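Listed below, chain by chain, are the residues.
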Amino acid sequence: MTNIIIGLLYSTTRETLQKVTAEIYAELSKFEEIKTDSLLVKFDNFSASSLDVKISYNSYPIPGPAHLALKEKVNLKIMEVVEKHDTDFAYNTVTVVIG
C-alpha cells in the first residue's frame, strides 16, 4: 500500500478542501495501475501548520521502476488538482516575536 500525506494551507476553505479531495479521488480512480477498491482520499488531520489529506492506494503488481513512475504520476496529478483549486501546500512555520 502506498500512503501519501499532503498538507494544505490553513487558509483553504472547507468547500475547497472538499473539492480537492473529491477531484483527487476521481482523477486517481482513472489510473489503470491503481486498484480502485483500495483508493482512499480523506481529510485526515488538523496539523500544527496544515490541513492534512491522506491518500492511500494499492497498485496492481508492477516492477520497481514502473512503480516509481506511477508514484511520480500520482504526485504530479495531486499537484495539478491542488493548483487548479487555488490553494497550496503548507510548510512548517515558526513565528519569532522579538521585543
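Predicted, not measured: the structure shown is a model, and the values here were computed from it.

S.K.: So what's going on with the pairing of strand E2 (residues 34–46)? Residues and values would help.
M.R.: Note: E2 against strand E3 (residues 51–59), eight bridges, orientation antiparallel. If you follow Val-41 over to E3, its bridge partner there is Ile-55. Between E2 and the antiparallel strand that follows it, E3, lie four residues.

S.K.: Explain the side chain of Glu-23 to me, and be specific about the residues and the numbers.
M.R.: Relative to the elements of secondary structure, Glu-23 occurs in helix H1 (residues 14–29). A distance of 3.1 Å separates polar atoms of two side chains, one belonging to Glu-23 and the other to Lys-84. Among all residues touching Glu-23, those that are not within four sequence positions of it are Val-81, Lys-84 and His-85.

S.K.: Outline the pattern of salt bridges, listing residues and values.
M.R.: Within the structure shown, the criterion is met by six salt bridges. Note that Lys-30 and Glu-27 form a salt bridge whose closest N and O atoms lie 3.3 Å from each other. In this structure Glu-27 comes out as buried when scored by relative accessible area, which is 17%. Residues Glu-80 and Lys-77 are paired through a salt bridge, measuring 3.3 Å at the closest nitrogen-oxygen approach. Of this pair, Glu-80 and Lys-77 both sit in helix H2 (residues 64–84), three residues apart, which is roughly one turn of that helix. Taking the relative accessible area as the measure of exposure, Glu-80 reaches 45% and is therefore partly exposed.

S.K.: Before we move on, could you go through the nonpolar core and cite the residues and values that matter?
M.R.: Among soluble globular proteins, nonpolar side chains are generally buried collectively. Residues Ile-6, Ile-24, Leu-28, Ile-55, Val-74 and Ile-78 are the most contacted members of the largest nonpolar core, which totals 20 residues. Residue assignment for this core shows that the elements contributing at least two residues are strand E1 (2–8), H1, E2, E3 and H2. For this core, the leading source of residues is H2, giving five residues. When neighbours within four sequence positions are excluded, Ile-24 is seen to be in contact with Ile-6, Val-41, Ile-55, Ile-78 and Val-81.

S.K.: How would you explain the confidence of the model for the protein chain if you had to name every residue and give the values?
M.R.: As a note on interpretation, predicted positions should not be read in detail where pLDDT is low. Of all residues in the protein chain, 100% attain a pLDDT of 70 or more, and the chain-wide mean is 95. Put simply, H2 is where the protein chain has its lowest mean pLDDT, 96, and H1 is where it has its highest, 98.

Cut-off values and rules
- Residues numbered from 1 in each chain as written.
- Predicted model: local features only at pLDDT ≥ 70, side-chain atom pairs only at ≥ 80, totals over all residues.
- Heavy atoms only, no water.
- Pairing = 2+ DSSP bridges.
- Helix = DSSP H or I, 4+ residues; strand = E, 2+ residues; numbered from the N terminus.
- Polar contact = N/O pair within 3.5 Å; in protein donor to acceptor, adjacent residues only side chain to side chain.
- Contact = heavy atoms within 4.5 Å.
- Salt bridge = Lys/Arg side-chain N within 4 Å of Asp/Glu carboxyl O.
- Buried < 20%, exposed > 50% of the residue type's maximum accessible area, 1.4 Å probe, protein only.
- Core = buried A, V, L, I, M, F, W, Y, C linked by side-chain atoms within 4.5 Å.
- pLDDT = per-residue confidence, 0-100.

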